[in-house]
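A structural walkthrough
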Amino acid sequence: MIRQVLASILLLGGVGLVVVSAVGLVRLPDAYNRMNAIAKAASLGAVGVLLGVLLLMPSLRTGVVMLLAIGLQLFTAPLGGYALGRAAYRAGTPLASVTRRDDLGARGSTPPSSPGESDP
């Protein structure tokens, strides 16, 4: 009984985080903010769902598979989000107009100019 309640809480929390990341994907102003929402909220939501499934189906095999999936999710999602953000920046994807700080631009690695623009 308690295990089912905990599993339900984890499942609902995980699904809630995935919904929050989906809303962020639609509502946030630029590609960088959208990638951040997906990399953080969706990966934590997937971990919540996997832990909920582990509580509902307790066995050694399920435990090994779920813990491996959780480890891979927590390792690859942030790295993938970082790599996509850096690639978008290097490709010249514009920042949102409300962005106040450009850390990569401060280091001198500004995005390349568009093919139609002339260099100053």
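Residues numbered from 1 in each chain as written. Predicted model: local features only at pLDDT ≥ 70, side-chain atom pairs only at ≥ 80, totals over all residues. Heavy atoms only, no water.

**Structural notes on the side chain of Ser21**
With respect to the element layout, Ser21 can be found in helix α1 (residues 2-27). Judged by relative accessible area, Ser21 falls into the buried class, the value being 3%. Not counting residues within four places of it along the chain, the set of residues in contact with Ser21 comprises Ala37, Ile38, Ala41 and Ala42. (Helix = DSSP H or I, 4+ residues; strand = E, 2+ residues; numbered from the N terminus. Buried < 20%, exposed > 50% of the residue type's maximum accessible area, 1.4 Å probe, protein only. Contact = heavy atoms within 4.5 Å.)

**Some thoughts on the side chain of Thr62**
Mapping Thr62 onto the fold places it in helix α3 (residues 60-90). Here the side chain of Thr62 touches Ser59 through a polar contact of 2.9 Å, side chain to side chain. In this view, Thr62 contacts Leu54 and Met57; residues no more than four positions away in its chain are not counted. (Polar contact = N/O pair within 3.5 Å; in protein donor to acceptor, adjacent residues only side chain to side chain.)

**Details of helix α2 (residues 31-56)**
Between its first and last C-alpha, α2 extends 37 Å over 26 residues, near the 38 Å set by a 1.5 Å rise per residue. The complete set of buried residues in α2 reads Tyr32, Met35, Ala37, Ala39, Ala41, Ser43, Gly45, Val47, Gly48, Leu50, Gly52 and Leu54. Each element contacted by the buried residues of α2 is listed here: α1 and α3. (Expected span 1.5 Å × (residues − 1).)

**Describing the nonpolar core**
Within the largest apolar cluster, five residues are counted, these being Val47, Leu50, Leu54, Met66 and Ile70. Sorting the residues of this core by element identifies α2 and α3 as the ones contributing at least two each. For this core, the leading source of residues is α2, giving three residues. (Core = buried A, V, L, I, M, F, W, Y, C linked by side-chain atoms within 4.5 Å.)

**Some words on the packing of α2 against α3**
Between α2 and α3, whose axes approach to 9 Å, the crossing angle comes to 180°. Taken together, the axis directions place α2 and α3 in an arrangement best described as roughly antiparallel. For the contact of α2 with α3, the residue count by class is 19 nonpolar, six polar and no charged. (Axes fitted to C-alpha atoms, helices over the stretch in contact; angles between N-to-C directions. Parallel < 35°, antiparallel > 145°, perpendicular 65-115°, else oblique. Nonpolar A, V, L, I, M, F, W, Y, C, P; charged D, E, K, R; others polar.)

**Structural notes on the confidence of the model for the protein**
Taken as a whole, the protein shows an average pLDDT of 84; of its residues, 88% reach a score of 70 or greater. Low pLDDT, under 50, characterises residues 116-120; the stretch is placed with one contact to residues that sit more than four places away or in other chains. (pLDDT = per-residue confidence, 0-100.)

**Quick notes on a nonpolar patch on the surface**
Nonpolar side chains collect at one region of the surface, where Met1, Ile2, Val5, Leu6 and Ile9 lie side by side and expose about 560 Å² of accessible area between them. With respect to the element layout, Ile2 can be found in helix α1. (Patch = residues over 30% accessible without salt bridge, like charges linked within 9 Å, V, L, I, M, F, W, Y side chains within 5 Å. Areas by Shrake-Rupley, 256 points an atom, 1.4 Å probe, with all protein chains shown as cover. Salt bridge = Lys/Arg side-chain N within 4 Å of Asp/Glu carboxyl O.)

**Focus on the packing of α1 against α2**
Between two packed helices, what matters for the description is the angle formed by their axes and the separation of those axes. For the pair α1 and α2, interaxial distance at closest approach is 7 Å and the crossing angle is 165°. One element, α1, and the other, α2, form an angle in the roughly antiparallel class. Note that α1 runs across α2; the crossing there is left-handed. Within the contact of α1 with α2, the residues separate by chemical class into 19 nonpolar, seven polar and two charged. (Left-handed = near helix turned anticlockwise from the far one by under 90°.)

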